[in-house]
Amino acid sequence: MDVDKSGLPPRIEAHTLTMLNDPYPKYAELRQAGALCRGGPAQWLVTRYVDVAALLSDPRLAHQFPEAYHRFSAGDTPIRSFFQRIILGRDRPDHTHLRRLMGQAISPGLVRRLHADITTLVDDLLLNAQAKGTLDLVADIAFPLPVMVVCRLLGISADDQDEVRPHAIDLGKAFAAVVPEQERLAGGRAVTWLRAYIDELLAQRRRRPGDDLLSRMLTAEDDGRRLTHEDIVDNAVFLFFAGFETTTSLIATGSAALLQHPDQLALLRRQPTHIPHAIEEFLRYDAPVQVTARLTKQPIAIAGRTIKPGRVVVLSIGSANHDERQFHNPEQLDVTRDPNPHLSFGGGIHYCLGASLARIEATVLFTGLIERFPTIEPAGAPVRQLGASFRSFARLPVYLSDR
Ligand code: HEM
């Protein structure tokens with residue numbers, strides 16, 4: 001952080017924080033320095049809980065995604081239109097309509113039915129893990145589970161999943177804040193491939209509707225209006241981003257937190273009723289989505305300073321979740337913490353549409369891990385995945401035993 005003698009708030013480029021192995025001491029420093037920091041050009045960074053929570057719900061700010069697609073402006077129209085169509089980039093009143101229709105499609109009934117599928121998927125993954133003993137928890141569990149769940153959600157057959165997976169991985173690269181140009185181009189190609197794939201799947205659902213998300217998106221209706229073909233395709237493709245690596249990150253960071261805190265793991269073994277609290281605590285302690293960004297639509301006062309329209313306001317969810325003004329002992333992992341009003345699923349109109357699905361995936365997985373394996377120990381040094389869209393691990397070697 002640059003010390004500034006001008007009386008202006010401190011300056012820090014928000015994306016540099018994603019390069020830190022442990023950004024939490026830096027967040028604490030920034031919260032202490034003031035409510036507002038200067039980010040990059042025309043950019044502000046907000047780090048305190050009360051401000052982040054309020055700004056997530058403030059209608060005077062729009063999501064920054066439509067602005068972000070300008071990064072692809074050099075004639076790359078497929079990607080531009082993708083960023084424009086996805087729900088996260090829409091604003092009221094357009095967003096309200098799309099959200100109602102997508103909410104009908106990702107219904108509680110559909111999520112309940114997926115619960116049974118998730119239990120079977122987790123059983124298979126843990127059986128495989130048991131046979132291995134020593135494994136990489138990221139590659140063997142945290143990574144495959146969410147992509148299989150998104151495929152089930154969209155009604156993609158098990159046979160196609162191996163073909164789809166690399167494109168789902170590449171898709172994330174289109175969203176990352178700092179990536180080499182080559183990777184960003186791979187992200188763009190993934191959008192084009194996944195669009196064509198979903199397009200074909202939709203044609204099949206039109207002929208033979210099923211009980212999957214795509215079939216539901218085709219029939220969802222709000223005030224006599226339905227989703228357009230393009231909206232269905234792009235928002236289905238978006239789910240590979242929204243529902244995949246976020247959940248991988250929760251499973252990886254939650255497991256790493258337990259490995260680093262054996263007392264908390266022992267507590268969960270003694271009192272498994274705390275598993276749902278533990279999952280909220282994993283979300284708070286090391287949030288998968290550390291930052292989101294908004295664009296001011298009109299002048300707005302933040303922490304006593306008037307921010308002009310058209311400015312990017314970066315909201316640090318990771319810092320808000322560790323704000324000592326909101327949480328008792330925020331740097332401590334406490335799997336019994338309740339209430340736990342973390343902001344890891346966002347807030348306001350863009351509050352995560354898959355929160356209940358993510359919670360189910362994590363609950364089934366952590367319950368299975370703890371019940372099946374009396375021994376869960378590190379089997380090497382964990383490797384952080386730095387600079388990515390989500391806070392996660394590249395590798396997490398563990399030893400699991402049923403004795
Ligand atoms: C939005 C986090 C899993 C679908 C969001 C937002 C956050 C978030 C922070 C708001 C972003 C913003 O305001 O900029 C997470 C985390 C997850 C997770 C931490 C896992 C632990 C999922 C899953 C799905 C999903 C499994 C669906 C399969 C969505 C959608 C939105 C969203 C569609 C956009 C909602 C809107 O714009 O109205 N998520 N998410 N997410 N999430 Fe999730």
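Basis of the calculations
- Residues numbered from 1 in each chain as written.
- Predicted model: local features only at pLDDT ≥ 70, side-chain atom pairs only at ≥ 80, totals over all residues.
- Heavy atoms only, no water.
- Helix = DSSP H or I, 4+ residues; strand = E, 2+ residues; numbered from the N terminus.
- Buried < 20%, exposed > 50% of the residue type's maximum accessible area, 1.4 Å probe, protein only.
- Contact = heavy atoms within 4.5 Å.
- Core = buried A, V, L, I, M, F, W, Y, C linked by side-chain atoms within 4.5 Å.
- Axes fitted to C-alpha atoms, helices over the stretch in contact; angles between N-to-C directions.
- Parallel < 35°, antiparallel > 145°, perpendicular 65-115°, else oblique.
- Left-handed = near helix turned anticlockwise from the far one by under 90°.
- 1 Å grid on protein atoms, 1.4 Å probe; cavity = no way out; pocket = protein on both sides within 12 Å on 5 of 7 lines; lining within 4 Å.
- Points joined across faces, edges and corners; volume = space filled by probe spheres on them.
- Nonpolar A, V, L, I, M, F, W, Y, C, P; charged D, E, K, R; others polar.
- Phe/Tyr/Trp six-rings, centres within 6.5 Å; stacked < 30°, edge-to-face > 60°.
- Lys NZ or Arg CZ within 6 Å of the ring centre and 35° of its normal.
- Near = heavy atom within 4 Å.
- Polar contact = N/O pair within 3.5 Å; in protein donor to acceptor, adjacent residues only side chain to side chain.
- Pairing = 2+ DSSP bridges.

## Some words on the environment of Leu-154
With respect to the helices and strands, Leu-154 occurs in helix 8 (residues 144-154). The buried category is assigned to Leu-154, whose relative accessible area is 0%. Taking C-alpha positions, Leu-154 is 27 Å from Gln-64, a pair spaced 90 residues apart along the chain. Leaving out residues up to four positions away in the same chain, Leu-154 has contacts with Ile-198, Leu-201, Arg-205, Asp-212, Leu-213, Leu-214, Ala-236, Leu-239 and Phe-240.

## Focus: the nonpolar core
One finds Leu-154, Leu-171, Phe-175, Phe-240 and Phe-282 to be the most contacted residues of the largest nonpolar core, which totals 97 residues. With 10 residues, helix 17 (residues 355-372) is the largest single contributor of residues to this core. Beyond its immediate sequence surroundings of up to four residues, Leu-171 is in contact with Phe-82, Gly-187, Ala-190, Val-191, Leu-194, Val-237, Phe-240 and Phe-241. Core analysis: the second largest hydrophobic core is formed by 18 residues, Leu-56, Leu-61, Ile-317 and Leu-343 among them.

## Brief notes about the packing of helix 8 against helix 12 (residues 229-242)
Axis separation between helix 8 and helix 12 bottoms out at 9 Å; the angle between their running directions is 160 degrees. By the criterion of interaxial angle, the relationship of helix 8 to helix 12 is roughly antiparallel. Helix 12 is crossed by helix 8, and the crossing has right-handed handedness. Taken together, the residues of helix 12 that come into contact with helix 8 (itself represented by Val-150, Cys-151, Leu-153 and Leu-154) are Ala-236, Leu-239 and Phe-240.

## What to know about the layout of surface pockets
Reported here for the second largest pocket is a volume of approximately 350 Å³. Lining the second largest pocket are 20 residues, and of these Ile-169, Lys-173, Glu-245, Gln-385 and Ala-388 lie nearest its centre. Taken together, the elements giving at least two residues each to the lining of the second largest pocket come down to helix 13 (245-260) and strand 11 (392-395). Among the residues making up the lining of the second largest pocket, the classes are represented as 11 nonpolar, 6 polar and 3 charged.

## Notes on the packing of aromatic side chains
The tally for this structure, following the rule as stated, stands at 9 aromatic pairs. Three or more aromatic residues link up through ring pairs in this structure, and these residues are Phe-238, Phe-241 and Phe-390. In this arrangement the basic side chain of Arg-284 is found over the ring face of Phe-327, its NZ or CZ atom lying 5.4 Å from the centre.

## So, the site of the ligand
Lining the immediate surroundings of the ligand are 28 residues, of which His-63, Arg-99, Thr-292, His-350 and Cys-352 lie closest. The contact in question runs from a nitrogen atom of the ligand to an N or O atom on the backbone of Ala-242, over 3.3 Å. The separation between an oxygen atom of the ligand and a polar main-chain atom of Ile-349 is 3.4 Å. Those elements that provide at least two residues to the shell around the ligand are helix 5 (94-105), helix 12, helix 13, strand 5 (291-296) and helix 17. Residues belonging to the shell around the ligand are distributed by class as follows: 16 nonpolar, 10 polar and 2 charged.

## Focus on the packing of helix 6 (residues 108-132) against helix 8
Interaxial distance between helix 6 and helix 8 falls to 10 Å at its minimum, and their mutual angle equals 145 degrees. The element helix 6 and its partner helix 8 pack so that their crossing is right-handed. Every residue of helix 8 that contacts helix 6 at Leu-110, Leu-114, Asp-117, Ile-118, Leu-121, Val-122 and Leu-125 is listed here: Pro-144, Leu-145, Met-148, Val-149, Arg-152 and Leu-153. For the contact of helix 6 with helix 8, the class distribution of residues is 11 nonpolar, no polar and 2 charged.

## Observations concerning the sheet that holds strand 8 (residues 312-316)
The strands making up a sheet associate through hydrogen bonds between their backbones, and the pairing can be parallel or antiparallel. Pairing is mixed across the open sheet formed by 5 strands, whose spatial order is 1-2-8-5-3. Two strands in the sheet have a free side with no partner beyond their single neighbour: strand 1 (36-38) and strand 3 (61-63). Each strand axis lies, on average, 35 degrees off the axis of its neighbour in the sheet, ignoring direction. Inspection of the sheet shows strand 3 paired to strand 5 by 3 bridges, in the antiparallel sense. Looking across to strand 5, one finds that His-63 is bridged to Arg-294.

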